[in-house]
Amino acid sequence: MNILLTGGAGYIGSHTAVVLSQAGHEVVLLDNFCNSSPSVLERLQKILGKALPCVEADVRNTDAVERVLREYKIDAVIHFAGLKAVGESVANPVLYYANNVQGSISLLQAMQKVGVKTLVFSSSATVYGEPQYLPYDEDHPTKPMNPYGQSKLQTEKILRDLAISDADWKITSLRYFNPVGAHESGLIGEDPNGIPNNLMPYIAKVASGELPHLNIFGDDYETRDGTGERDYIHVMDLAEGHEAAISYLENCCRGFEVINLGTGKSVSVLELISAYEEVIGCKIKKFITKKRPGDLPVYYAQANKAKKLLNWIAIRSVGDICETTQRFSAAKIIA
Ligand code: NAD
Ligand code: UD1
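In what follows, the accompanying structure is described. Quick caveat, the model's predicted, so the values are computed rather than measured.

1. Regarding the site of ligand 1
1) Next: Around ligand 1 sit 27 residues, and of these Asp31, Asn35, Ser36, Lys84 and Tyr148 come closest.
2) Next: One of the side-chain N or O atoms of Asn32 is found 3.2 Å from a nitrogen atom in ligand 1.
3) Next: In this structure, an oxygen atom belonging to ligand 1 sits 2.8 Å away from a side-chain N or O atom of Tyr148.
4) Next: When ligand 1 is considered free in solution it has 820 Å² of accessible area, and contact with the protein chains removes 95% of it.
5) Next: Of all the elements in the fold, those that place two or more residues in the shell around ligand 1 are helix H1 (11-22), strand S5 (118-124) and helix H6 (147-165).
6) Next: Take the shell around ligand 1: its biggest share by element is three residues, from S5.
7) Next: Of the residues contributing to the shell around ligand 1, the split by class is twelve nonpolar, ten polar and five charged.

Laid out in structure tokens, this is it:
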């Protein structure tokens, strides 16, 4: 298939581009590089042995997206393009609704004009909010706790209405849990600017000496060891989940479907640190500090629906996650 990846130069998009291209799909990237760099294209070329077409454009530019859909005879779109920093979304909600909701509407308008009606959407487990029960299954009530989560839920609602209005649409919304890790080559991975908000990139920066120590946000939660537990999913497993979703849409699905992509298991902050320490062979400097406001003690996915519908499960271990993160982090320092 000819597949357009909006936000394809970003962390999850670039790994998915590798998996789809290696599976024989023709992949086209569209990105405005607001949170990525064109240098990822050279690294993708090294991994794939060929260049992928990439159009620099904002997804809110409906005409530009329409031109790309026509020029590359696109059959399906995976919509990664979006902003994802929770704190920033609280400080600047309009930016988030404009980029994430308006961006999705613009994409849908272009797709409607051209008659491309197959879509995979990047959603997030953050749409569930405070757990009523765990693991979160796809029927769990949704109550996002911040504008970022709201922007994902509102987009899902638009997609659901669209699929009801026109039976030709095939749409899957994938609710990711905590994507981490990097491609085994160490050439692509997650590289946030400045001080990371998320645990895994923070650990990597402490391990490489870029940051002096890690703050563990609370150790008196009602969890296995008192620290927060999350469902960390290797980004290559996640990328393969997108390939499975594309096959599913191609072969069987009609309408709108929401599917969790997670491992179904939780890992604590201390467990993740200790797995990383094992990979690097030394201790990571860390302090217990106060809880981060808005953090949930524990959440993880019920992953059965993905297994049943997509014939997909996450296969990589926490050790694989730490090893590939470290390889990417070390390669970056040498480069
Ligand atoms: P990322 O920031 O690395 O990638 C997003 C890409 O989209 C970037 O390359 C950015 O430049 C581009 N982009 C943003 N707005 C755009 C616009 N208006 N027009 C064109 N390009 C635009 O983030 P990621 O981690 O790869 O996330 C991809 C998607 O998955 C996002 O929609 C995010 O909300 C969602 N998601 C991510 C996580 C996570 O933890 N990484 C978890 C759940 C959901
Ligand atoms: C965060 C986002 C969530 C998003 C997810 C994607 C917030 C409030 N939530 O969730 O919307 O979908 O990333 O990956 O930002 N921790 C530390 N020290 C740190 C950083 C984190 O102890 O320096 C702990 C946290 O308290 C938490 C765990 O590590 O228990 C994971 O944190 P993080 O990586 O930020 O992910 P989430 O909180 O799940």
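So, next bit.
2. Description of the side chain of His25
1) Next: Relative to the assigned elements, His25 resides in the loop between H1 and strand S2 (26-31).
2) Next: Judged by relative accessible area, His25 falls into the buried class, the value being 10%.
3) Next: A polar contact of 3.1 Å, which involves the side chain of His25, links it to the backbone nitrogen of Met1.
4) Next: With residues up to four places along the chain from it excluded, the contact list for His25 reads Met1, Ile3, Leu20 and Ile246.

3. Here's the deal with the site of ligand 2
1) Next: Near ligand 2 there are 20 residues, and of these Asn215, Arg230, Arg292, Asp295 and Tyr299 occur at the shortest range.
2) Next: Between ligand 2 and the protein, one listed contact pairs an oxygen atom with a side-chain N or O atom of Tyr299 at 2.8 Å.
3) Next: In the complex, 88% of the free accessible area of ligand 2, which totals 730 Å², lies under the protein chains.
4) Next: Of all the secondary structure elements, the ones that give two or more residues to the shell around ligand 2 are strand S7 (178-180), helix H7 (199-207) and strand S8 (214-217).
5) Next: Ranked by the residues each element gives to the shell around ligand 2, the list is headed by S8, at four residues.
6) Next: Here the residues of the shell around ligand 2 sort into ten nonpolar, seven polar and three charged.

4. Some words on unusual backbone geometry
1) Next: With omega at -5°, the peptide bond leading from Leu134 into Pro135 counts as cis.
2) Next: Looking at where Pro135 falls in the secondary structure, it is placed in the loop between S5 and H6.
3) Next: Its identity as a non-glycine residue notwithstanding, Asn311 has a phi of 55°, on the positive side.
4) Next: Here Asn311 lies in the loop between helix H10 (304-310) and helix H11 (318-334).

5. Regarding helix H8 (residues 235-251)
1) Next: Taking 1.5 Å of rise per residue, the 17 residues of H8 would be expected to cover 24 Å, and the 24 Å separating its terminal C-alpha atoms lies within 8% of that figure.
2) Next: Summarising burial for H8: twelve of the 17 residues are buried, a large majority.
3) Next: Burial in H8 covers these residues: Val235, Met236, Asp237, Leu238, Ala239, Gly241, His242, Ala244, Ala245, Ile246, Tyr248 and Leu249.

6. Remarks on helix H3 (residues 62-71)
1) Next: Buried within H3 we find Thr62, Ala64, Val65, Glu66, Val68 and Leu69.
2) Next: Where H3 is buried, its residues touch strand S1 (2-6), S2, strand S3 (54-56), strand S4 (76-79) and helix H5 (93-114).
3) Next: Following H3 by one or two positions, Lys73 has its phi on the positive side, about 45°.

Rules used in this analysis
- Residues numbered from 1 in each chain as written.
- Chains lettered and ligands numbered in written order.
- Predicted model: local features only at pLDDT ≥ 70, side-chain atom pairs only at ≥ 80, totals over all residues.
- Heavy atoms only, no water.
- Near = heavy atom within 4 Å.
- Polar contact = N/O pair within 3.5 Å; in protein donor to acceptor, adjacent residues only side chain to side chain.
- Areas by Shrake-Rupley, 256 points an atom, 1.4 Å probe, with all protein chains shown as cover.
- Helix = DSSP H or I, 4+ residues; strand = E, 2+ residues; numbered from the N terminus.
- Nonpolar A, V, L, I, M, F, W, Y, C, P; charged D, E, K, R; others polar.
- Buried < 20%, exposed > 50% of the residue type's maximum accessible area, 1.4 Å probe, protein only.
- Contact = heavy atoms within 4.5 Å.
- Expected span 1.5 Å × (residues − 1).

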